[in-house]
Structure formats: structure tokens, C-alpha cells
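What the coordinates show
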Amino acid sequence: SKHLDFAKPKVVIVAPPAIDEPGSHKWFKNTFNGAGTKISAFQDLMKEFAEKNNIFYFDASKVVKVSQVDGVNLDIENNHLLGRALVQFIREIKLS
């Protein structure tokens, strides 16, 4: 379908990976207390929103894990894994 004479864009929502709450305490103290449950619920909401709005959904937690250094961010290896997985996902979308 078209919008303003342009092809409808293909949108991808990327859900974040779960954090390691105990691992995050070393650097962030109590900043992320309860975040594990909230991120899980957020992932579910993002997936539901994507399905209802015919938007592509990509769950980063299926591909990467947060760094053991701080329990929140991705290390270099996991950034590369995420990038390669997203490239493959987008290539598959382009073929669909």
C-alpha cells in the first residue's frame, strides 16, 4: 500500500534484552531494581503492539546477552551479534 505516493515503510520494533539485575548492582547500585520484571512486560507489550499494527518485531534477547561487566550494556561481541542478526532480519523482510 502507499502513503502520499510513497510505498508504506516497513517498520521494525527491537525489544531490548533482559538485564542482569544482580550484576548491575556493582555499578548502578539499586537503579535497576525490579527492571527484570518490567523489561519482560515491556517486551510482551512491544510484541503485542507490533502484531496489532502489522509491524515487524525483533526480540534482541534471543540473540544477545548483556555484559557481565555491568549487567546492563552490551559488550563489543554482543553488539556485533545484534548488528549481524538485524542485518539478516532486515534482509528477510526485504525478500517478503
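The structure we're discussing is the one just above.
Attention in this report is confined to the structure presented alongside it. (Residues numbered from 1 in each chain as written. Predicted model: local features only at pLDDT ≥ 70, side-chain atom pairs only at ≥ 80, totals over all residues. Heavy atoms only, no water.)

**Things to note about the nonpolar core**
With 7 residues, the main nonpolar core is built from Phe 58, Ala 60, Val 64, Leu 82, Ala 85, Phe 89 and Ile 93. Among the elements that take part in this core, helix H3 (residues 76–95) stands out by supplying 4 residues, more than any other. Non-local contacts of Phe 89, meaning those with residues more than four positions away in its chain, are made with Val 12, Phe 56, Tyr 57 and Phe 58. Counting residues in each nonpolar core, the second largest holds 5 residues, with Ile 13, Met 46, Ala 50 and Tyr 57 among its members. (Core = buried A, V, L, I, M, F, W, Y, C linked by side-chain atoms within 4.5 Å. Buried < 20%, exposed > 50% of the residue type's maximum accessible area, 1.4 Å probe, protein only. Helix = DSSP H or I, 4+ residues; strand = E, 2+ residues; numbered from the N terminus. Contact = heavy atoms within 4.5 Å.)

**What about H3?**
For H3, spanning 20 residues, the distance from its first C-alpha to its last is 29 Å, which sits close to the expected 28 Å at 1.5 Å a residue. Taken together, the buried positions of H3 are Asn 78, Leu 82, Ala 85, Phe 89 and Ile 93. Along the long axis of H3, the arc covered by the buried residues comes to 80°, so they all point the same way. Residues of H3 that are exposed and point over 90 degrees away from its buried face: Ile 76, Glu 77, Arg 84, Arg 91, Lys 94 and Leu 95. On its buried face, H3 sits against strand S3 (12–15) and strand S4 (56–59). (Expected span 1.5 Å × (residues − 1). Arc of directions from axis to C-beta.)

Purely geometric numbers; function is a separate question.
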